[in-house]
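If you want the building blocks of each chain, they are given just below.
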Amino acid sequence: MTDEQRFTSVWDAIEDTAAEAENMRLRSSLMMALDQHIRKQGWTQAEAAKRLGVTQPRISDLSRGKIGLFGLDTLVNMAVAAGLHVELKVVDAA
């Protein structure tokens, strides 16, 4: 019988610290929301780039999920430029 280690999320499994895992969770959520919004609006990558104030290759990186290329500040700025409202909820860790 093997001892299996269980994780709350994939980020908890692959990141070294709880802080890094939380940062990745937030970035991942923002990236998915942005990608979904761009698709819903029917924007091309070039149009999305112009509206969000970034280059087309940045939109390509976003749609490909290249999370390591994006910081929280950048993603929040892009979300606001897209007309989205970002809310943060802080709760005690379980």
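In the block above lies the structure referred to throughout.
On a predicted model such as this, the values are computed, not experimentally measured, just so you know. (Residues numbered from 1 in each chain as written. Predicted model: local features only at pLDDT ≥ 70, side-chain atom pairs only at ≥ 80, totals over all residues. Heavy atoms only, no water.)

**Student:** Provide a residue-level description of the overall build of the protein chain, including the pertinent values.
**Tutor:** From N to C terminus, the protein chain includes five helices and zero strands. If you list the helices and strands of the protein chain from N to C, you get α-α-α-α-α. Looking at the 94 residues of the protein chain, the share that counts as buried comes to 28%. For the protein chain, long-range pairs separated by at least 24 residues make up 52% of all intrachain contacts whose partners lie at least 6 apart in sequence. (Helix = DSSP H or I, 4+ residues; strand = E, 2+ residues; numbered from the N terminus. Buried < 20%, exposed > 50% of the residue type's maximum accessible area, 1.4 Å probe, protein only. Contact = heavy atoms within 4.5 Å.)

**Student:** Quick rundown of the pattern of salt bridges? Include the residues and the values.
**Tutor:** In this structure the tally under the stated criterion is three salt bridges. The salt bridge partner of E22 is R25, with a shortest N-O separation of 2.7 Å. Highlighted residues: E22 and R25, both in helix α2 (residues 18-41), separated by three residues, approximately one helical turn. With a relative accessible area of 37%, E22 lands in the partly exposed category. Assessed through its relative accessible area of 26%, R25 is described here as partly exposed. (Salt bridge = Lys/Arg side-chain N within 4 Å of Asp/Glu carboxyl O.)

**Student:** For the environment of R64, give the residues involved together with the corresponding values.
**Tutor:** Here R64 lies in the loop between α4 (56-63) and α5 (72-81). Here the alpha-carbon distance between R64 and D35, two residues 29 residues apart in the chain, equals 9.3 Å.

**Student:** Got a sec to walk through the nonpolar core? Specific residues and values, please.
**Tutor:** Among the nonpolar cores identified, the biggest contains 17 residues, and L34, I38, L52, I59, L62, L75 and M78 are the most heavily contacted of them. Elements that contribute at least two residues to this core include exactly α2, α3 (45-52), α4 and α5. At five residues, α2 tops the list of elements feeding residues into this core. Sequence-distant contacts of L75, that is, excluding residues within four places in its chain, are made with R27, L30, M31, L34, L62 and F70. (Core = buried A, V, L, I, M, F, W, Y, C linked by side-chain atoms within 4.5 Å.)

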